[in-house]
Amino acid sequence: MNISVIGTGYVGLVTGACFAEFGINVTCVDKDAAKIEALERGEIPIFEPGLEEIVRRNARAGRLHFTTDTGSAVKDSLVVFIAVPTPPQPDGATDLSYVDSVARAIGSHLDGYKVVVTKSTVPVRTAERVRAGITEAARASGKDSVTCSVCSNPEFLREGSAVEDFLRPDRVVIGADDEQAIAILKDLYKPLNLIEVPFVVTSVAAAEMIKHASNAFLATKITFINEIANLCEKVGADVHDVARAMGLDGRIGRKFLHPGPGYGGSCFPKDTLSLVSFSEELGVEQRVVSAVIEANEFQRRRMVEKIEAMTGGIEGRTLAVLGLSFKPNTDDVRLSPAIDVIRLLQERGASVRAYDPQAMERAAAELENVVFASDAYDAARGADALILATEWNEFRRLDLARIHEALREPVIVDMRNIYEPPEMERLGFRYAGVGR
Ligand code: UDX
Ligand code: UDX
């Protein structure tokens, strides 16, 4: 079977490469010619563990192709995945212009039956909009009868473990309103039957909702533990004890109860805003998720207050920040807590020295007046405090005596709780974590 994936970013490239790994013939399309040329040379534009290997292997095997030509990719494919950005507009509503333009492109190149699938996270009822866009463009280019199914197959890929999440998912959600499309999509994911992955086949609207409800719930879980952590600090309880014991209750579950500077990244922030926005349009208020968004923003400011308290004033200080990506194992800095906190610190008059194993190049495009260091020790050199912003593994194994020596003041604010408070005290640091 030939398929194509339009949009070759964090989601599209992983999706295309992993389907090729399943033995399917895949064409990845992107409007960015430089990106496509790089991919053709075997260069991967993002840092995602395991991705380079499967891209190269499948490209070499002739199953994975790259092009800027949407028309030919659509013509040659039975299934077309849409994986272009769906960014938020200033009012929180989703900007669907990229999705619309892809729908028009598909419509004008339609020749026979196709299954068109939204992979991007989109507001509910976007499939209807995609169908309308395809139909209109098809008519405008002289095709009267349009034969296509528009489906929703949301991704649940965590950056940093996206390949693993694709190849070993908790579930595959297929939202489709006709049997033919369901059969084709199930066939694409057939290798997952071997590992008994559950398939959830639903209406298109339910599939679109599943994605939003899942992300909003996870964002809520994180925000909930952050607020409990804030309370733990006041009462002298360790939030890790609280979270661990909560998580042992099967109804609650252990995951996503790790406190920190608030969630970031390209999904939770925009998807929660989108859910609130399209709910409002439909006349339904989302009070919980609205509160989550507000509390998450507040958490960034709380981190800055913590730093203020630990340094005795941010103005004029030099602060070392370790970690810039929104989470470890990715170079993605979109809505990264580290970047937000750095901006707030700079507004209050701090100078920042920063280090990240993978994300410095992307961070440099977002930040001004930051000194990028060659490693953690270099970042700490002469700083008035060290701020652990992203929990890369290499920061867990630092030689803390060397860090102590490098710092002007032995202060550590650990926004991810990777160090143990008693150990830090023993090493002579003034240390603050979150909720401990
Ligand atoms: C995207 C969406 O942002 C997200 O909402 C959705 O859940 C999954 O897809 P991501 O893969 O992280 O997420 O985006 P990004 O890494 O920015 O990649 C998008 C790619 O699409 C870029 O390479 C861009 O050049 C390409 N693109 C964009 C097109 O090919 N055509 C367009 O019209 C717009
Ligand atoms: C998320 C979803 O998990 C995934 O299923 C898909 O829908 C895309 O969006 P991603 O944004 O890549 O994935 O990363 P994730 O691991 O979910 O983390 C998101 C943010 O929450 C990060 O900033 C992370 O640091 C933060 N987080 C996560 C916490 O602060 N505490 C936690 O316990 C878990």
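Before going further, it helps to examine the side chain of Thr94. By secondary structure assignment, the location of Thr94 is in the loop between strand 4 (79-82) and helix 5 (97-108). Classification of Thr94 as buried rests on a relative accessible area of 14%. Reaching out from Thr94, the side chain makes a polar contact with the side chain of Ser274 at a distance of 2.7 Å. Excluding anything up to four places from it in sequence, Thr94 contacts Thr86, Pro87, Gln89, Pro123 and Ser274.

What follows concerns the site of ligand 1. Around ligand 1, 20 residues are found, and the nearest of them are Val11, Asp30, Lys35, Thr86 and Lys270. Thr86 is positioned with one of its side-chain polar atoms (N or O) 2.4 Å from an oxygen atom of ligand 1. Glu155 is positioned with one of its side-chain polar atoms (N or O) 3.4 Å from an oxygen atom of ligand 1. In isolation ligand 1 offers 690 Å² of accessible surface; the protein chains occlude 89% of this area. Of all the elements in the fold, those that place two or more residues in the shell around ligand 1 are helix 1 (10-21) and helix 5. Looking at the shell around ligand 1 residue by residue, the class counts come to six nonpolar, seven polar and seven charged.

Turning our attention to the nonpolar core. Residues Leu322, Leu345, Phe395, Leu398, Ile403 and Tyr419 are the most contacted members of the largest nonpolar core, which totals 59 residues. Ranked by the residues each element gives to this core, the list is headed by helix 13 (residues 337-347), at five residues. With near-sequence residues (within four places) excluded, Phe395 lies in contact with Leu322, Gly323, Tyr355, Pro357, Ala376, Leu388, Thr390, Ile418 and Tyr419. Judged by nonpolar contacts, the second largest core, of 43 residues, contains Val55, Cys151, Leu157 and Leu185.

Before going further, it helps to spend a moment on the packing of aromatic side chains. Under the defined criterion, the tally for this structure stands at eleven aromatic pairs. Ring geometry for Phe22 and Phe166: centres 5.8 Å apart, planes at 45°, overall tilted. On the criterion of sequence distance, the pair formed by Phe22 in the loop between helix 1 and strand 2 (25-29) and Phe166 in helix 7 (residues 162-167) is long-range, its members being 144 residues apart. The same class applies to Phe22 as to Phe166, namely buried. When the centroid spacing of 6.4 Å and the interplanar angle of 75° are considered together, the rings of Tyr189 and Phe199 count as edge-to-face. Here the residue Tyr189 occupies a position in the loop between helix 8 (179-188) and strand 8 (199-202), and Phe199 occupies one in strand 8, the gap between them amounting to ten residues. Directly above the ring of Phe156 sits Arg171, whose terminal nitrogen or CZ lies 3.6 Å from the centroid. Geometry around Tyr377 places Arg402 over its ring, the cationic atom sitting 3.7 Å from the centre.

Structurally, the chain comprises domain 1 (2-202) and domain 2 (217-432). A straight line from the C-alpha centre of domain 1 to that of domain 2 covers 33 Å. In this assembly, 19 residues from domain 1 lie in contact with 20 residues from domain 2. Contact with domain 2 buries area across many residues of domain 1, yet Tyr10, Phe47 and Glu159 alone supply 39% of it, more than any other trio. At the junction of domain 1 with domain 2, the criterion picks out one salt bridge. Here domain 1 and domain 2 share eight residue pairs in polar contact (both at pLDDT 80 or more) between them.

Moving on, we get to the side chain of Gln299. Along the polypeptide, Gln299 turns up in helix 12 (residues 287-311). Judged by relative accessible area, which is 2%, Gln299 ranks as buried. Ignoring any residue separated from it by four or fewer positions in sequence, one finds Gln299 in contact with Asn226, Asn230, Gly260, Pro261, Gly262 and Val434.

Thresholds applied
Residues numbered from 1 in each chain as written. Chains lettered and ligands numbered in written order. Predicted model: local features only at pLDDT ≥ 70, side-chain atom pairs only at ≥ 80, totals over all residues. Heavy atoms only, no water. Helix = DSSP H or I, 4+ residues; strand = E, 2+ residues; numbered from the N terminus. Buried < 20%, exposed > 50% of the residue type's maximum accessible area, 1.4 Å probe, protein only. Polar contact = N/O pair within 3.5 Å; in protein donor to acceptor, adjacent residues only side chain to side chain. Contact = heavy atoms within 4.5 Å. Near = heavy atom within 4 Å. Areas by Shrake-Rupley, 256 points an atom, 1.4 Å probe, with all protein chains shown as cover. Nonpolar A, V, L, I, M, F, W, Y, C, P; charged D, E, K, R; others polar. Core = buried A, V, L, I, M, F, W, Y, C linked by side-chain atoms within 4.5 Å. Phe/Tyr/Trp six-rings, centres within 6.5 Å; stacked < 30°, edge-to-face > 60°. Lys NZ or Arg CZ within 6 Å of the ring centre and 35° of its normal. Domains from an automatic or database assignment. Buried area = accessible area lost by both parts, 1.4 Å probe. Salt bridge = Lys/Arg side-chain N within 4 Å of Asp/Glu carboxyl O.

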